[in-house]
Amino acid sequence: MQARMNHPVMVIPEAMKAIQVLNESTKQGLPERLLELVHLRASQINGCSVCVDMHPKLAKRAGETDERLFAVAAWRDTPYFTEAERAALALTEALTRLSDREDPVPDAIWNEADKHFDERELAALVLAIAEINVWNRLNVAVRQPVGAWKM
C-alpha cells in the first residue's frame with residue numbers, strides 16, 4: 001500500500017508538536033498498559049491499520065500479555081480486564097462511535113468511568129481517546145502504510 005500523500009504531520013511539523021504535547025498530557029497517572037489498550041480499541045473501531053499494528057507492540061513493551069491484546073475487541077466477553085479497564089474501554093468505544101446512538105456517551109458509561117478514575121485521570125483518559133482518534137483519522141485519510149512509523 002502506498003500513502004496518498006506525505007503524512008500531514010510531516011507536511012505541517014507544528015501539528016506533530018501539538019499532538020506530541022497532547023500525548024504527553026495524557027500520561028497523568030494512567031498506566032501505560034491502559035492507554036495502549038484504549039489506543040488499540042479505538043484503532044480497531046476506526047480501521048487504522050498503522051495503529052492496530054503499532055499499539056500491541058507498544059503494549060507488550062509495557063508488559064501487556066498476548067492473551068489480553070487478542071481479547072481487546074471482545075473485552076465485554078472475556079474475564080481478562082479489570083472493572084477500571086472495562087470502564088475505560090466502554091468510554092473509548094462511546095467517544096469513538098459518537099454517531100452510533102442518540103446519546104453518544106450515556107450517563108451509565110460516564111458514571112462507571114467516574115467511579116474508577118479521579119477527575120485528572122478521567123480528563124487524561126478523555127484526551128487520550130481524542131488523541132488516538134486524531135491519529136486514526138490522519139492515518140486512514142492518507143492511507144498510511146503499516147511499518148512506515150518507526151517505534
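Predicted model only: the values in this text are computed from it and were never measured.

(A) Broad picture of the overall build of the protein. Along the protein, the regular secondary structure elements total eight helices and zero strands. Secondary structure elements in the protein, listed N-terminal to C-terminal, are α-α-α-α-α-α-α-α. Relative to the 2.2 N^0.38 estimate, which gives 15 Å for 151 residues, the radius of gyration of the protein is 15 Å and therefore close to what a compact globule would have. In terms of its C-alpha atoms, the protein occupies a principal-axis envelope of roughly 40 × 30 × 30 Å. In the protein, 70% of the contacts between residues at least 6 apart in sequence involve partners at least 24 apart. When the accessible surface of the protein is split by element, carbon and sulfur atoms take 55% of a total near 8,300 Å². Computed over 18 positive and 22 negative side-chain charges, the inter-centroid distance for the protein is 8 Å.

(B) Representation of the packing of helix H3 (residues 32-46) against helix H4 (residues 49-61). At a closest axis distance of 9 Å, the pairing of H3 and H4 adopts a crossing angle of 165°. In terms of their interaxial angle, H3 and H4 are classed as roughly antiparallel. In this structure, H3 meets H4 at a crossing whose hand is left-handed. Counting all contacts with H3, which are made through Glu 32, Glu 36, His 39, Leu 40, Ser 43 and Gln 44, the residues of H4 involved are Cys 51, Val 52, His 55, Pro 56, Leu 58 and Ala 59. Residues that form the contact of H3 with H4 fall into these classes: six nonpolar, four polar and two charged.

(C) Fine view of the environment of Asp 118. Here Asp 118 lies in the loop between helix H7 (107-116) and helix H8 (119-142). Along the sequence, Asp 118 and Gly 29 sit 89 residues apart, while their C-alpha atoms lie 9.6 Å from each other. Engagement of the side chain of Asp 118 in a polar contact is seen with the backbone nitrogen of Glu 121, the distance being 2.8 Å.

(D) Layout of the pattern of salt bridges. Inspection of every chain in the model, using the stated rule, returns ten salt bridges. In this structure, Glu 93 and Arg 41 form a salt bridge, with 2.7 Å as the shortest nitrogen-oxygen distance. Placement of Glu 93 in helix H6 (residues 83-96) and of Arg 41 in helix H3 is noted, with a sequence separation of 52 residues between them. Look at Glu 93 and you get buried, because its relative accessible area is 4%.

Quick notes on the rules
Residues numbered from 1 in each chain as written. Predicted model: local features only at pLDDT ≥ 70, side-chain atom pairs only at ≥ 80, totals over all residues. Heavy atoms only, no water. Helix = DSSP H or I, 4+ residues; strand = E, 2+ residues; numbered from the N terminus. Rg over C-alpha atoms; globule rule 2.2 N^0.38 Å. Contact = heavy atoms within 4.5 Å. Areas by Shrake-Rupley, 256 points an atom, 1.4 Å probe, with all protein chains shown as cover. Lys, Arg positive; Asp, Glu negative; His and termini not counted. Charge placed at Lys NZ, Arg CZ, Asp CG, Glu CD. Axes fitted to C-alpha atoms, helices over the stretch in contact; angles between N-to-C directions. Parallel < 35°, antiparallel > 145°, perpendicular 65-115°, else oblique. Left-handed = near helix turned anticlockwise from the far one by under 90°. Nonpolar A, V, L, I, M, F, W, Y, C, P; charged D, E, K, R; others polar. Polar contact = N/O pair within 3.5 Å; in protein donor to acceptor, adjacent residues only side chain to side chain. Salt bridge = Lys/Arg side-chain N within 4 Å of Asp/Glu carboxyl O. Buried < 20%, exposed > 50% of the residue type's maximum accessible area, 1.4 Å probe, protein only.

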